[in-house]
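Observations on the model geometry
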Amino acid sequence: DNVICQDETLHFENLSQDITSILWDFGDGGQSNDFNPIYSYALPGVYSVTLSANSLVNNCPNSKTVQIDVLPKPLLQIDTHPQSGCPPYNILFQNTGPQDISYVWLFDDGSPLDSAYAPAHAFTQSGTFIVEVFAYDNFGCLSDTLDIPVTIHPVPESRFDIISQRFCERHDTI
């Protein structure tokens, strides 16, 4: 079986010998004259890949066709609106995507990754963070990575001093 994922890079190996006039037709409109081309499919579907060539002797034509099944990459449905607040700032990330795929969340704050469907995370330090999330399905097809900007504002230093002043020393009234 020739099953791959959408956007996965394929390395075709031409095992032909004593040929000329090589033409690869990838079945989606793409072609190549390279002996061992590299190709990827932008859209899922079933494609017929054909290698056509002529023999060096007598210029006889021949071709070989194989089917390639390109599986779709998982599509994420996650709220990517920027988040901001003061530490500790708790975020419950919103996910309305499929639940039959595996998620990976990276919080950019030194904490371990999370594999929850819609994790909650507490940011305890000030700074700007880019939360990254991606997913993969049972076939190993990877989604695109989504970024969620998070800004945790610095906490001001609250200070005050008491100055002892007596305005009415030894007086009962002002």
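Treat the numbers as computed from the prediction; the structure is a model and nothing was measured.

Cut-offs applied
Residues numbered from 1 in each chain as written. Predicted model: local features only at pLDDT ≥ 70, side-chain atom pairs only at ≥ 80, totals over all residues. Heavy atoms only, no water. Helix = DSSP H or I, 4+ residues; strand = E, 2+ residues; numbered from the N terminus. Rg over C-alpha atoms; globule rule 2.2 N^0.38 Å. Buried < 20%, exposed > 50% of the residue type's maximum accessible area, 1.4 Å probe, protein only. Contact = heavy atoms within 4.5 Å. Areas by Shrake-Rupley, 256 points an atom, 1.4 Å probe, with all protein chains shown as cover. Lys, Arg positive; Asp, Glu negative; His and termini not counted. Charge placed at Lys NZ, Arg CZ, Asp CG, Glu CD. Salt bridge = Lys/Arg side-chain N within 4 Å of Asp/Glu carboxyl O.

A tally of helices and strands in the protein chain yields 0 helices and 13 strands. Reading the helices (α) and strands (β) of the protein chain from amino to carboxyl end gives β-β-β-β-β-β-β-β-β-β-β-β-β. Computed over the C-alpha atoms, the radius of gyration of the protein chain is 31 Å, more than 25% above the 16 Å expected from 2.2 N^0.38 for a compact globule of 174 residues. Based on the C-alpha atoms only, the size of the protein chain along its principal axes is roughly 125 × 30 × 25 Å. Counting across all 174 residues of the protein chain, residues that qualify as buried make up 29%. Sequence separation of 24 or more characterises 56% of the internal contacts of the protein chain that already satisfy a separation of 6 or more. About 11,900 Å² of surface is accessible on the protein chain, with carbon and sulfur atoms providing 50% of the total. Between the centroid of the 5 positive side chains of the protein chain and the centroid of its 22 negative side chains there is a distance of 26 Å.

Next up on the list: the pattern of salt bridges. If you walk through the whole model with that rule in mind, you get 3 salt bridges. Its salt-bridge partner being Glu 157, residue Arg 159 comes within 3.9 Å of it at the nearest N-O pair. You'll find Arg 159 and Glu 157 in the same group, each marked exposed. Residues joined in a network through salt bridges with shared partners are Asp 7, Lys 73 and Asp 144.

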